[in-house]
Amino acid sequence: MTQYIDTQVCIIGSGPAGLLLSQLLANAGIDTVVLDRKDRAYIEGRIRAGVLEHGTVTALEEAGVADRLHREGLLHDGFDLAFDGDRHRIDLAALTGKTVTVYGQTEVTKDLFDRRFAEAQPFYFNVEDVRPTDLTSDRPVVRFRQDGKDVAVRCDYVAGCDGFHGVSRQAIPGDVLRTFERVYPFGWLGIMVERPPVSHELIYANHARGFALASMRSKTRSRYYLQCSLDDDVADWSDDRFWDELRLRLGPDTAAHLQTGPSFEKSIAPLRSFVAEPMRYGNLFLAGDAAHIVPPTGAKGLNLAVADVRLLSRALIEHYRDGTDHHLEHYSETALRRVWKVERFSWQLSTLMHHFPENSPFEARMQRAEFDYLSSSEAASRAIAENYVGLPLD
Ligand code: FAS
Ligand code: PHB
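Residues numbered from 1 in each chain as written. Chains lettered and ligands numbered in written order. Predicted model: local features only at pLDDT ≥ 70, side-chain atom pairs only at ≥ 80, totals over all residues. Heavy atoms only, no water.

Structural notes on the site of ligand 1
Piece 1. Lining the immediate surroundings of ligand 1 are 28 residues, of which Asp-36, Arg-46, Arg-48, Gln-105 and Gly-301 lie closest.
Piece 2. Ala-17 places a main-chain nitrogen or oxygen 3.0 Å from an oxygen atom of ligand 1.
Piece 3. Contacts to ligand 1 include Leu-302, whose backbone N or O atom sits 3.2 Å from an oxygen atom.
Piece 4. Out of a free accessible area of 990 Å², ligand 1 has 86% covered by protein chains.
Piece 5. Mapped by element, the contributors of at least two residues to the shell around ligand 1 are helix H1 (16–27) and helix H9 (301–322).
Piece 6. Residues of the shell around ligand 1, tallied by class, amount to 13 nonpolar, 7 polar and 8 charged. (Near = heavy atom within 4 Å. Polar contact = N/O pair within 3.5 Å; in protein donor to acceptor, adjacent residues only side chain to side chain. Areas by Shrake-Rupley, 256 points an atom, 1.4 Å probe, with all protein chains shown as cover. Helix = DSSP H or I, 4+ residues; strand = E, 2+ residues; numbered from the N terminus. Nonpolar A, V, L, I, M, F, W, Y, C, P; charged D, E, K, R; others polar.)

Let's talk about the pairing of strand S13 (residues 157–160)
Piece 1. Burial along S13 is two-sided: Tyr-157 and Ala-159 and Val-158 and Gly-160, pointing in opposite directions, are all buried.
Piece 2. Strand direction decides the pairing type here: strand S2 (residues 9–12) and S13, joined by 4 bridges, are parallel. Directly across from Ile-11, in S13, lies its bridge partner Ala-159.
Piece 3. Both S13 and strand S20 (residues 284–286) contribute to a ladder of 3 bridges, which runs parallel. Of the residues in S20, the one forming a bridge with Ala-159 is Phe-285. (Buried < 20%, exposed > 50% of the residue type's maximum accessible area, 1.4 Å probe, protein only. Pairing = 2+ DSSP bridges.)

Observations regarding the sheet that holds strand S7 (residues 86–90)
Piece 1. With mixed pairing, the 8 strands of this open sheet are ordered in space as S7-S6-S15-S16-S17-S14-S18-S21. What marks the edges here is a single partner per strand, and that holds for S7 and strand S21 (292–293).
Piece 2. Sheet topology places strand S14 (residues 178–193) next to strand S17 (residues 222–228); 7 bridges connect them, and they run antiparallel. When the bridges of S17 are listed, Gly-190 appears paired with Tyr-225.
Piece 3. Taken strand by strand, helix H7 (residues 239–250) contacts S14, strand S15 (203–207), strand S16 (210–216), S17 and strand S18 (263–277), and its axis lies near 80 degrees from that of S17.
Piece 4. Across the sheet, helix H13 (residues 378–389) lies against strand S6 (79–83), S7 and S15, angled at about 60 degrees from S7, the strand it touches most. (Contact = heavy atoms within 4.5 Å. Axes fitted to C-alpha atoms, helices over the stretch in contact; angles between N-to-C directions.)

Overview of the state of the cysteines
Piece 1. Following the criterion strictly, the structure yields 0 disulfides and no others.
Piece 2. Cys-161 carries a free sulfur, and the closest cysteine sulfur to it, the one in Cys-10, is 10 Å from it. (Disulfide = S-S within 2.5 Å.)

A short note on the nonpolar core
Piece 1. Judged by nonpolar contacts, the single largest core of 69 residues is most densely connected at Leu-20 and Leu-35.
Piece 2. Considering every element that reaches this core, the biggest residue donor is H9, with 10 residues.
Piece 3. Residues in contact with Leu-35, not counting those within four places in the same chain, are Cys-10, Ile-11, Ile-12, Gly-13, Ser-14, Tyr-124, Val-127, Val-130, Val-142 and Phe-144.
Piece 4. Core analysis: the next-biggest nonpolar cluster, separate from the first, contains 33 residues, Phe-79, Tyr-184, Leu-202 and Leu-271 among them. (Core = buried A, V, L, I, M, F, W, Y, C linked by side-chain atoms within 4.5 Å.)

Focus: the pattern of salt bridges
Piece 1. In total, this model carries 32 salt bridges according to the counting rule given.
Piece 2. In this structure, the salt-bridge partner of Glu-119 is Arg-115, at a minimum N-O distance of 2.6 Å. Separated by 4 residues within a single helix, Glu-119 and Arg-115 lie in helix H6 (residues 105–119), roughly one turn from each other.
Piece 3. On the basis of relative accessible area, Glu-119 is assigned to the partly exposed category, the value being 41%.
Piece 4. Given the relative accessible area of 26%, Arg-115 is considered partly exposed.
Piece 5. Note that Glu-119 and Arg-116 form a salt bridge whose closest N and O atoms lie 3.1 Å from each other. Taken together, the residues Glu-119 and Arg-116, both in helix H6 and 3 residues apart, mark about one turn of the helix.
Piece 6. According to the relative accessible area criterion, Arg-116 is buried, its value standing at 3%.
Piece 7. Among the charged side chains, a salt-bridge network with shared partners connects Arg-68, Glu-72, Glu-107, Lys-110 and Asp-111. (Salt bridge = Lys/Arg side-chain N within 4 Å of Asp/Glu carboxyl O.)

Some details on the environment of Leu-19
Piece 1. Position of Leu-19 among the secondary structure elements: in helix H1.
Piece 2. The exposure class assigned to Leu-19 is buried, which follows from its relative accessible area of 0%.
Piece 3. For Leu-19 and Ala-290, which are 271 residues apart along the polypeptide, the C-alpha to C-alpha distance reads 14 Å.
Piece 4. Ignoring any residue separated from it by four or fewer positions in sequence, one finds Leu-19 in contact with Ser-14, Thr-109, Leu-112, Phe-113, Arg-116 and Phe-123.

So, the pairing of S16
Piece 1. In terms of burial, S16 is a largely internal element, 7 of the 7 residues being buried.
Piece 2. In this structure, S15 lies alongside S16, joined through 5 bridges in antiparallel fashion. The residue bridging Ile-203 from the neighbouring strand is Ala-214, located in S16.
Piece 3. Between S15 and the antiparallel strand that follows it, S16, lie 2 residues.

Brief notes about the site of ligand 2
Piece 1. The local shell around ligand 2 holds 14 residues, among which Tyr-204, Ser-215, Arg-217, Tyr-225 and Pro-296 are the closest.
Piece 2. Residue Pro-296 places a main-chain N or O atom 2.8 Å away from an oxygen atom belonging to ligand 2.
Piece 3. Coverage of ligand 2 by the protein chains reaches 97% of its 280 Å² of free accessible surface.
Piece 4. At the level of secondary structure, the elements contributing two or more residues to the shell around ligand 2 comprise S16 and S17.
Piece 5. A breakdown of the residues in the shell around ligand 2 according to their chemical character gives 8 nonpolar, 3 polar and 3 charged.

Written as structure tokens, this is what we have:
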């Protein structure tokens, strides 16, 4: 016996993309159902992004979930690039007139859940065997199981917001879907520590021993990353070993200000660049990590997901409010044009800042020359800055 549910938009995935889409559509009076294979506590517990573009803050303001962000988020008007001890500050405010906000994805997710739960209960958590079907019909059906029961959501549109390992992208036929991928020969070992950050701004460091990033979540909570081998296991990295390596890669002047302490989160993430085309199939629309992945170097993953959702929510609201489908029909090409530009930036910064095992001394010199050029050219620094604060939506 199948339970049938009717809605306008069925959203698969309640990470930042699915949550934000549900809220923006709800604000426009559009009904959604949101499915996730995990539950709220698990989703809120994931530690991921830390830097919000200007456009992401605007989207969260439009969704009505930016109050705590404005109270607790840290406005940053620059960041440092470092090469073997030399530092160059990218002055975002002077070069672009914009800033970024340091505010963890964990907090964004909590704020979105709080708002959605205060208004409605469109969520089905801990679902299994999610199958988007009839995507090219006027009434797609998303089938799943929950607590042993068969459920079917009949809808106008399906939003695939289920991340890189989700099922939505796989629902696009193999002769339609094209994928592009670059897997990097290293990972990022990240830790979280309840200590003031080593610097008031982020430091991206390229050192002969490998990349390091000094970031933060607040003035008392720091987030650090080290480039590591894909063969590394978190168990190989004691806190002491992590701090010793971080000191070497940040250099003695910066390390002198490093406040260490016991880490309370430690994990290794692989790095890849990935794009799936098209981002639409019939009445299925992909948004966020379901359609693309960027290496975290440029702090773009979460921000790119938000940009997709801004485009998709605009298109769906236009459809239901005005009866016109111009932005729906152009969603995939518009989103992908921006996705590829952000993939380029994330790949460029990753190529500049990391130690590649296969690099010859020539490539190492090219990295140093790029840094020296950036340090001496306002135009080159502005190019980095305008990508970092966020490219125009379309
Ligand atoms: P998400 O993956 O966040 O959410 C997808 C949701 O779909 C999940 O809740 C999942 O449970 C659900 N789902 C999956 N399959 C499903 C199914 N079959 N049925 C139902 N639900 C399903 N970005 C940055 O900008 N900076 C960073 O430092 C950074 N670090 C990262 C570290 C790690 C380990 C990872 C994995 C990602 C990191 N990212 C970072 C990128 C990350 O922030 C993503 O870009 C962001 O979470 C994208 O949001 P969503 O598209 O909503 O996907
Ligand atoms: C983080 O704080 O988690 C972070 C910041 C900037 C990045 C990547 C990760 O580029």
